[in-house]
Each structure stands twice: as structure tokens, then as C-alpha cells.
There are 2 protein chains.
Amino acid sequence: MIKPMKIALATQNLHKHREFSQMFPEITFLLPDDHLGVAFHHEETGSTYLENALGKARALYELTGVPSLADDSGLSVKALEGAPGIMSARYGGDSLSDQKRYSLLLSHLEGETDRRAWFVCCLVLVLDPLRHISVQETSEGEILLEPRGIQGFGYDPVFFVPSFGRSMAELTPEEKHQVSHRGRAARLLRPLMPAAEHKEDNR
Amino acid sequence: MIKPMKIALATQNLHKHREFSQMFPEITFLLPDDHLGVAFHHEETGSTYLENALGKARALYELTGVPSLADDSGLSVKALEGAPGIMSARYGGDSLSDQKRYSLLLSHLEGETDRRAWFVCCLVLVLDPLRHISVQETSEGEILLEPRGIQGFGYDPVFFVPSFGRSMAELTPEEKHQVSHRGRAARLLRPLMPAAEHKEDNR
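Reading the values: the criteria
Residues numbered from 1 in each chain as written. Chains lettered and ligands numbered in written order. Predicted model: local features only at pLDDT ≥ 70, side-chain atom pairs only at ≥ 80, totals over all residues. Heavy atoms only, no water. Helix = DSSP H or I, 4+ residues; strand = E, 2+ residues; numbered from the N terminus. Rg over C-alpha atoms; globule rule 2.2 N^0.38 Å. Contact = heavy atoms within 4.5 Å. Axes fitted to C-alpha atoms, helices over the stretch in contact; angles between N-to-C directions. Parallel < 35°, antiparallel > 145°, perpendicular 65-115°, else oblique. Left-handed = near helix turned anticlockwise from the far one by under 90°. Nonpolar A, V, L, I, M, F, W, Y, C, P; charged D, E, K, R; others polar. Salt bridge = Lys/Arg side-chain N within 4 Å of Asp/Glu carboxyl O. Buried < 20%, exposed > 50% of the residue type's maximum accessible area, 1.4 Å probe, protein only. Expected span 1.5 Å × (residues − 1). Least-squares fit on C-alpha atoms with pLDDT ≥ 70 in both. Phe/Tyr/Trp six-rings, centres within 6.5 Å; stacked < 30°, edge-to-face > 60°. pLDDT = per-residue confidence, 0-100. Buried area = accessible area lost by both parts, 1.4 Å probe. Polar contact = N/O pair within 3.5 Å; in protein donor to acceptor, adjacent residues only side chain to side chain.

Concerning the overall build of chain A
The number of helices and strands found in chain A is 6 helices and 8 strands. Reading the helices (α) and strands (β) of chain A from amino to carboxyl end gives β-α-β-α-α-β-β-α-β-β-β-β-α-α. Relative to the globule expectation of 17 Å for 203 residues, the C-alpha radius of gyration of chain A, 17 Å, shows essentially globular dimensions. If one aligns the C-alpha atoms of chain A with their principal axes, the spans along those axes are about 55 × 35 × 25 Å. Put simply, of all contacts in chain A between residues at least 6 apart along the chain, 58% involve residues at least 24 apart.

What about the packing of helix H1 (residues 14–23) of chain B against helix H6 (residues 181–189) of chain B?
Residue and element names in this part refer to chain B. The N-to-C vectors of H1 and H6 enclose an angle of 45 degrees; their axes lie 11 Å apart at closest approach. By the angle between their directions, the pair H1 and H6 is classed as oblique. Crossing angle aside, the handedness with which H1 passes H6 is right-handed. Every residue of H6 that contacts H1 at Lys16, Glu19, Phe20 and Met23 is listed here: Arg182, Gly183 and Ala186. In terms of residue class, the contact of H1 with H6 is built from 3 nonpolar, 1 polar and 3 charged.

Description of the pattern of salt bridges
Taken as a whole and judged by the stated rule, the model has 28 salt bridges over all chains. Where Lys176(A) meets Asp156(A), a salt bridge forms, and the shortest distance between an N and an O atom there is 2.6 Å. Of this pair, Lys176(A) sits in helix H5 (residues 173–179) while Asp156(A) sits in the loop between strand E6 (131–143) and strand E7 (159–161), and the two are 20 residues apart along the sequence. Taken individually, Lys176(A) and Asp156(A) each receive the classification buried, so the pair is uniform in this respect. Its salt-bridge partner being Lys16(B), residue Asp71(B) comes within 2.8 Å of it at the nearest N-O pair. Pair noted here: Asp71(B) is in strand E3 (residues 68–77) and Lys16(B) is in helix H1, with a separation of 55 residues, a long-range link.

Overview of helix H3 (residues 49–64) of chain A
In a regular helix each residue adds 1.5 Å, so 16 residues correspond to 22 Å; H3(A) covers 23 Å between its end C-alpha atoms and thus fits that length. Within H3(A) the residues assigned to the buried category are Tyr49(A), Leu50(A), Asn52(A), Ala53(A), Leu54(A), Lys56(A), Ala57(A), Leu60(A) and Tyr61(A).

Structural notes on the relation of the copies chain B and chain A
With an RMSD of 0.0 Å, chain B superimposes on chain A once it is rotated by 180 degrees and translated 0.0 Å along the axis. On the angle and the small slide along the axis, the relation comes out as a two-fold axis. For chain B, the smallest separation between a C-alpha atom and the rotation axis is recorded for Ser134(B), amounting to 2.5 Å. With an isologous cut-off of 70% or more, the 100% of interface residues of chain B that recur at the interface of chain A puts this contact in the isologous class.

Observations concerning the packing of aromatic side chains
In total, this model carries 6 aromatic pairs over all chains according to the counting rule given. Here the aromatic rings of Phe24(A) and Phe29(A) are separated by 5.9 Å at their centres, their planes lie at 65 degrees, and the arrangement is edge-to-face. When the centroid spacing of 5.8 Å and the interplanar angle of 50 degrees are considered together, the rings of Phe20(B) and Phe29(B) count as tilted. The same class applies to Phe20(B) as to Phe29(B), namely buried. Ring-pair connections join several aromatic residues into one group, and the members of that group are Phe20(A), Phe24(A) and Phe29(A).

Points about the confidence of the model for chain A
Mean pLDDT for chain A: 92, with 95% of residues reaching 70 or above. As a predicted assembly, this complex carries a pTM of 0.92 together with an ipTM value of 0.91.

A word on the interface of chain B and chain A
Of the residues lining the interface, 26 residues belong to chain B; the matching set on chain A comes to 26 residues. Regarding the contact of chain B and chain A, the summed buried area is about 2400 Å², with carbon and sulfur atoms giving 51% of it. Where Arg131(A) meets Glu137(B), a salt bridge forms, and the shortest distance between an N and an O atom there is 2.9 Å. Along the contact surface separating chain B from chain A lie 7 residue pairs in polar contact (both at pLDDT 80 or more). When contributions to the side of chain B that touches chain A are tallied by element, the ones reaching two or more residues are helix H3 (49–64), strand E5 (116–128), strand E6 (131–143) and H6 of chain B. The element that contributes the greatest number of residues to the side of chain B that touches chain A is E6(B), accounting for 10 residues. In the side of chain B that touches chain A, the residues fall into 11 nonpolar, 7 polar and 8 charged.

Remarks on the environment of Phe20(A)
Residue and element names in this part refer to chain A. Examined against the element boundaries, Phe20 turns out to sit in helix H1 (residues 14–23). On the accessibility criterion, Phe20 (0% relative accessible area) is buried. Separated by 166 residues in the primary sequence, Phe20 and Ala186 have C-alpha atoms spaced 8.1 Å apart. For Phe20, the contacting residues outside a window of four places in its chain are Leu9, Phe29, Leu69, Asp71, Leu123 and Arg182.

Next up, the structure:
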């Protein structure tokens, strides 16, 4: 039995807030603007998922003093040598809709027969100035020729999950969390979350 | 019950090998030279414990294909604004003995009444090219005026552990692992070690 606890979530993305709340029902995830009253915007200037997630979690911890969780995630396509990778959320420009973004990806893969791809998710939990935990997990699949399904978000409609024989956007939330990069990372992180309740004065 | 397993350990430091073997008796830690037959030397060029540990674990994984664990650790002294920090093992020069190194630290703290300090340990386990886990933990204490004890290694003789009322070098290995930075990080990492047995083809 895990005790109820509060964790600040370093995101403005309500899809991610919903997924974390589904995956950790015992945890109240506090959003910077809505629950913590801080204006949080962190430029993703790192060259890896880990640097980006650590940067976001640390920035929110510094603003709030509350143990802070951040997620940086993306999609790596074999035939594109790992692209869009850490640029996934900005692929084609900041202002694109999810639909325009995955359509752009499909257009870059036109005629390509090697459709292998990996979702990657890095979670970082900052506990205090010197203590942090990170987990980076993946989910294997293939890029479809056309979008399928309306669940999830981002590239989910064009990502085929072999074990289910359906796209990520055709899975229920419970099914998605079983196999997704974010679900796998969250399951690894879960037994470590209580560490957030031990405080050490190491500033 | 944790299954027996093998993990490559990205270090040449036999003290660390011994401590990991004591803390994880169910795991066989393979040393690069002795057990894996690879010449392993990795420059610690990162600006954080995490970058250094990730760099070492990833380098050893690339050489061996075996899930690889690395440790980067150090001592932060409040009155020295966090120094020697990531430079701890090279403080005063590469070739110094442990005794010369902690004597140098004592000389830099002569007359200083704020003796607060933290040992920091970052462990990184690289599972495959896109999957990794990290834990960074600390242990609070004070820098003594003179060395005490002969157990442990590094700065242990000059680090006073308040909860035991003894120096880190006056603790038995079991006592040290209870309170040390490395012991705490290892306990957090332990439930995640079986993740090393799940392979994902994400190259």
C-alpha cells in the first residue's frame, strides 16, 4: 500500500497530467500554474531526453521546493536515423497540431519499407538539490501508412503496437499504459516514489 | 527473492567493487579487465556526477553489450561552496594517496567552524542503447578535525556520521552501507535491477 502523496509535475501538457494521474492514482500531481501558482516555462535546450527532463524537474523544484517530476519523451524512427527524437514535440515547428505533425512524419516515410520505431520516455524525479532519480524506457513498434484511432495524443495514431495488433491510439488508457514507454518508465519509478518523502538538508 | 544475475561494473576501483558485491550479494559484478577482457578507461569530462556516471556506464555497455552499472561519487563541503564535488577523486592531483587527499581537505578547512558536508553518489544502470536508470543519493555529516578509523576508503576517515557518532571509517561495512550515499543509492536501485533482464531491440 503506497501512502497518498503530492508531487509537482513539470509540464503544461494536460495529456501527460491525465496519464500520470491514471498511472499513479495514489499521487496528487500538482501543475505549476493551476495548483502551485507559479509561472513555469522551461526551454528544452538539452541534447538528450535526460538533460531536458532533469532541467525541467530541477527548475520546478527550485521554484516550489516540492519534489518534482518531469517527463521528456519522443519518437525515434529507424529509417530516419532516430529522428525526430528529442525534437518530436517541435517537429515541423512549434505551432503544428498533432495531426499535422504525424502527417509530416508519414510524408517523410513515403515509400519506406523499414517502418521500425521506438517511443522513448525519460522520467526524472528531483527530490532535493542533490538527490534525483531517473528512468528512461522505450516501446517498440512500427509507423503505420495511415493514422488509426482517436485515443492518446501526439504520434499515437500512426504508431502500431505489435503485441496488441492495434495502433497506440486504438488502445484504452489501461492497455496503453501496459505497453507504452511512459507506462513502463512509470512502473519502474513507482517503488521509488516514497523516497520523495525523506528530506535531507543538503542545500 | 531476487534472481542471480550478472552486471558489468564500470570501474577500476576495487573498493567500489567490494562495496557493490557486499550490497548486492545476488549479483555478480563483472570488472572490465578481470572478467570481461576489455581495456576500459573513460575520461570523466562531465560537469555533473550524472553525466560522468552515464558516460562510464554507456561506454562499458558499448564495449560489452552487458547491462552496465557505473558510480560517480564525491564529497561536497558547505564552507568550500560544494568543493571538491565532482573533482573529489582528483582533488590535489591524480596521483595522491587517499591520506594525502583528505589531509589537503583538512588543511583547507583549518579554523573553519562550519564543518557541514555531504557525500554524494550517482549510480547509473545502462540496460540497452535507449534505456537507463539513475539514482543520486546523499549522506549528511561533518568534516572532522583529524582522521579517525581505518575502514572504508577515500574521505571516510575525516567524515563524521552524526547518527552513529563515529567517522565513516570507524563503521563496519554493514553500518556504512546503512547510512552511506552509496548504500542509499543502491537500496533505491535494488528493486529496479531485474529490469536489466528485459531486452528490447532498439538499436
